[in-house]
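# Report on the structure
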Amino acid sequence: MAKLDAAEPEAIASTLTPEDFTLIRRQLSEGQSLVRETIERLRQSQEENEMITRRRDEVESRLAALEAEYEELLEKTINDEETSNIDVAESMAELKVCSPGLRRYNYADLDFQNKLEAQYAAKREAHLSEVTDLKQQLEMRQADVRNLHSTIDGLKGVNEELKVIIILHFYQ
């Protein structure tokens, strides 16, 4: 390569020995192999990116479904509690009439709602964590893809230079 850089384009063929051309051909072959390998790694990275994107979309849709399910369940629980509270209020009114010192509280409904909210929060946190992890993986893969593209471009440039040198050698 030093000989190529130092020589004038018209005099390249006369300054290179057959060993130099053999070396250039070997380097060109190695460069082409490296380009093929890099393209294959790029293809694999793109497939992994697509898989991660699909997985992230699935997790986000599961999260949305879970949130909707939680809201429905919470509304149902609240409606049941309101209905229960109306029944309890009527019962309490009857009890006050029958025995003014007796009171009744419904702690089971409150405990159920608290447990439900805790379960929902835990599931939501797990899904959000998974989405965040998938986004980080996707960003890393995209950076890998960008690096591979720049490597491919560089290797293609070197290959083109080597091809020009070989062509100049055969025409002179």
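Residues numbered from 1 in each chain as written. Predicted model: local features only at pLDDT ≥ 70, side-chain atom pairs only at ≥ 80, totals over all residues. Heavy atoms only, no water.

## Quick notes on the environment of Asn159
Counting through the fold element by element, Asn159 comes out in helix α4 (residues 107-171). Expressed as a C-alpha distance, the spacing of Asn159 and Val35, which sit 124 residues apart in the sequence, is 9.1 Å. For Asn159, the contacting residues outside a window of four places in its chain are Leu28, Gly31, Gln32 and Val35. (Helix = DSSP H or I, 4+ residues; strand = E, 2+ residues; numbered from the N terminus. Contact = heavy atoms within 4.5 Å.)

## Considering the pattern of salt bridges
A pair can form between side chains of opposite charge whenever their charged atoms are brought close. Scanning all chains against the criterion turns up 11 salt bridges. Between Arg124 and Glu67 there is a salt bridge whose closest N-O contact spans 2.1 Å. Pair noted here: Arg124 is in helix α4 and Glu67 is in helix α3 (residues 18-98), with a separation of 57 residues, a long-range link. A salt bridge links Lys163 to Glu160, with the shortest nitrogen-to-oxygen separation between them at 3.8 Å. Separated by 3 residues within a single helix, Lys163 and Glu160 lie in helix α4, roughly one turn from each other. We classify Lys163 as partly exposed; its relative accessible area is 33%. Looking at Glu160, the relative accessible area reads 46%, which means it is partly exposed. Each member of the salt-bridge network shares a partner with another, and the members are Glu40, Arg43 and Glu47. (Salt bridge = Lys/Arg side-chain N within 4 Å of Asp/Glu carboxyl O. Buried < 20%, exposed > 50% of the residue type's maximum accessible area, 1.4 Å probe, protein only.)

## Things to note about the environment of Val59
Assignment of secondary structure puts Val59 in helix α3. Taking the C-alpha atoms as reference points, Val59 and Leu134, 75 residues apart in sequence, are found 9.3 Å from one another. Not counting the four nearest positions on each side in its chain, Val59 is found in contact with His127, Glu130, Val131 and Leu134.

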